[in-house]
Amino acid sequence: MPVTITADDGEWTYDETSHSKGTFTVTGKSSDDVHEFAVTMTTTSKITDVGTASNVIYSVDGVLMTTGTAKNIGNYTVTTANGTLTVNKAESSITTAPVAKTLTYNGSAQELVDDSDVNVSGGTLQYRAGDTGEYSNSIPERTLADTYTVYYRLKGDANHNDTEGGSFVVTIARKTVTVSGITASDKVYDGTAEATLVYTGAIFDGIVAGDTLTVSASGTFADEESVPGYVVGTDKEVDITGLTLGGTSASNYVLAESGNQTTASADITKKSLTIKADSDEKVYDGTALTDGGYSITEGSLANGDTLESVVVTGSQTAAGNSDNTASGAVIKNNNGSGVDVTANYQITYGKGTLTVNRKAVTITASDASKTYDGTALTQSGFTATDLETGDNHTFTVVMTEGSTITKVGTQPNVIATVDGVAVSTESATEVGNYLVTIVNGTLTINAKAVTITASNASKVYDGTALTQSGFTATTLAEGDSIESVTVTGSQLSVGTSDNVPSAAMIKNSNKIGR
């Protein structure tokens, strides 16, 4: 009878032991057949590690078998078939997980994981730093101060499944440093307490060799008792606040809470300022010229300062010039409560000039005229024009010696001096507070009217010519007399004719002929 004997399959979960399956299944035998086959498996029909192996029948009822080959055994023709032995992976396990290391930046790469107490079975721990990338058997390392998320898992070996792990956050803390070596620059007074800090000599205690740090901060001149921080002084204390690290390595460092530099010192020197009194001018009017104006000609006031007042002294009345002098400036700071900050300035005072120009005046010699009377005609009178209202100056005017006339005709009346200063019609002359232009007058003597009347004469006809050389004249000027008169007339026959005077000659007793 043909029968098939098949070795049974076996399946286990890996447990580090060797597994075999000695059972089998017979097919083809009738149900009422009670024969029990004696079956043995080959010695290699066993399995320990994960995988599969054949479960091979070695013998049946003492007869050696070859899989798939039928053999007659007793009343049976027996064929054998192999079974399959299977070991499946066991679960790996993490009993004690890795943890984050406590780290501080030191300039070198550092392992992020503390695995000193790790307890796992069935595999190897793997790590990944960050949300992307591949897992690795190596513990991840990082250098820069930052916060990192580390993921871990248990990578199962050949006989174990992988076990999902977890994650934790690792922080590489910033390294603490302290800062010193900051200096403050001297400055010229500017009305503020701001100070300029200099960092070129800054020292960073705790920095890792090769790293680069910079620092910035705010500097303020400290207010001392009754002395504001913005006034001049030497070695004034400067408060340093708001220290902030910079530079390419700044993200790896943090300033210590104490021990950093907090003060420096510097000078505030006076601010140079030149204040000049204004200049002014006018034409002489008999009143004083003053000008209280002033201006800053060099330098400038600090922000918030106001030039409250300046004493300006100067006065000029007469024609000429004199200094207009500035002094006693008062400067106040209006950023606060009007503090007097004059002492914070090095003030130089400049002078202005007050100029009174001479008043242009025209003095005109008066004209004069008369009828010839044998005496000299002179005129000392004059008129002055363009004097300012209220100017009561009285000029002393003297005419030239030649400004006189005796005979009939005209003669210029010429001014020789004004207030003792020689003048000329050719150009204006400076006379005291005035610029004098003179205009000549005219002296005129008109001829005196004299009537000379030839004398009348009469006679009885006698055959001779009647003539008469006598004459009469109206009044002459004092000292003058008629020297001679030509009287022309002759009457021979009975009748009348004119007796005509002419060619009178009048002489002055001073021998001035007329």
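Within every chain, residues take consecutive numbers counted from 1 along the sequence as written. With pLDDT at 70 or above as the cut-off, local features in this predicted model cover only qualifying residues; side-chain atom pairs require 80 or more to be listed or tallied, and sums for whole chains, interfaces and linings still use all residues. Excluded from the side-chain calculation are hydrogens and water; included are all heavy atoms of the structure.

The next point concerns the sheet that holds strand S47 (residues 409–413). Pairing within the open sheet is mixed, and its three strands lie in the order S44-S52-S47. Of all the strands in the sheet, just strand S44 (368–371) and S47 have a single pairing partner and so form its edges. When the angles between neighbouring strand axes are averaged without regard to direction, this sheet yields 15°. Note on pairing: two strands pair once DSSP finds at least 2 bridges between them. By the criteria applied, helices consist of DSSP H or I runs no shorter than four residues and strands consist of E runs no shorter than two, each listed in order from the N terminus. The pairing of S47 with strand S52 (residues 441–446) spans five bridges and is classified as antiparallel. Bridge pairing in S52 links Gln-411 to Leu-443. Only the contacting stretch of a helix is used when fitting its axis, a line to C-alpha atoms as for every element, and angles between N-to-C directions run 0 to 180 degrees.

What follows concerns the packing of aromatic side chains. Classification of ring pairs rests on two measures: the distance between centres of Phe, Tyr or Trp rings, Trp counted by its six-membered ring, which must be within 6.5 Å, and the angle between planes, read as stacked under 30 degrees, edge-to-face over 60 and tilted in between. Summed over all chains, the structure comprises six aromatic pairs. Their ring planes at 65° and their centres at 5.0 Å tell us that Phe-37 and Tyr-76 sit as a pair that is edge-to-face. With a gap of 39 residues between them, Phe-37 in the loop between strand S4 (24–27) and strand S5 (39–41) and Tyr-76 in strand S11 (residues 76–81) connect regions that are remote in the sequence. In this structure, Phe-37 and Tyr-76 share a single accessibility class: buried. Ring geometry for Tyr-284 and Tyr-434: centres 5.5 Å apart, planes at 80°, overall edge-to-face. With Tyr-284 in the loop between strand S36 (280–283) and strand S37 (294–298) and Tyr-434 in strand S51 (residues 434–439), the pair connects residues that are 150 residues apart, well separated along the chain. Relative accessibility thresholds used throughout: buried, under 20% of the residue-type maximum; exposed, over 50%; partly exposed, between the two (1.4 Å probe, protein chains only).

Nonpolar side chains (Val, Leu, Ile, Met, Phe, Trp, Tyr) within 5 Å and like charges within 9 Å form the patches, drawn only from residues with over 30% relative accessible area and no salt bridge. To be clear on the numbers: accessible area is Shrake-Rupley with a 1.4 Å probe, and residue cover counts the displayed protein chains and nothing else. Here a salt bridge means any side-chain nitrogen of Lys or Arg lying within 4 Å of a carboxyl oxygen belonging to Asp or Glu. A surface patch of nonpolar side chains, about 370 Å² in accessible area, is lined by Val-460, Tyr-461 and Val-494. When you line up the elements, Val-494 lands in the loop between strand S55 (480–488) and strand S56 (500–508). For Val-494, a relative accessible area of 71% corresponds to the exposed category.

What follows deals with the pairing of strand S34 (residues 263–269). Going residue by residue along S34, you find Ala-264, Ala-266 and Ile-268 tucked away on one face and Thr-263, Ser-265, Asp-267 and Thr-269 left uncovered on the opposite face. With two bridges joining them, strand S27 (residues 187–188) and S34 adopt parallel strand pairing. Counterpart to Val-188 in the pairing with S34 is Thr-269. Direction of pairing for strand S32 (residues 233–246) relative to S34: antiparallel, over a ladder of five bridges. Note that in S34 the partner of Glu-237 across the bridge is Ser-265.

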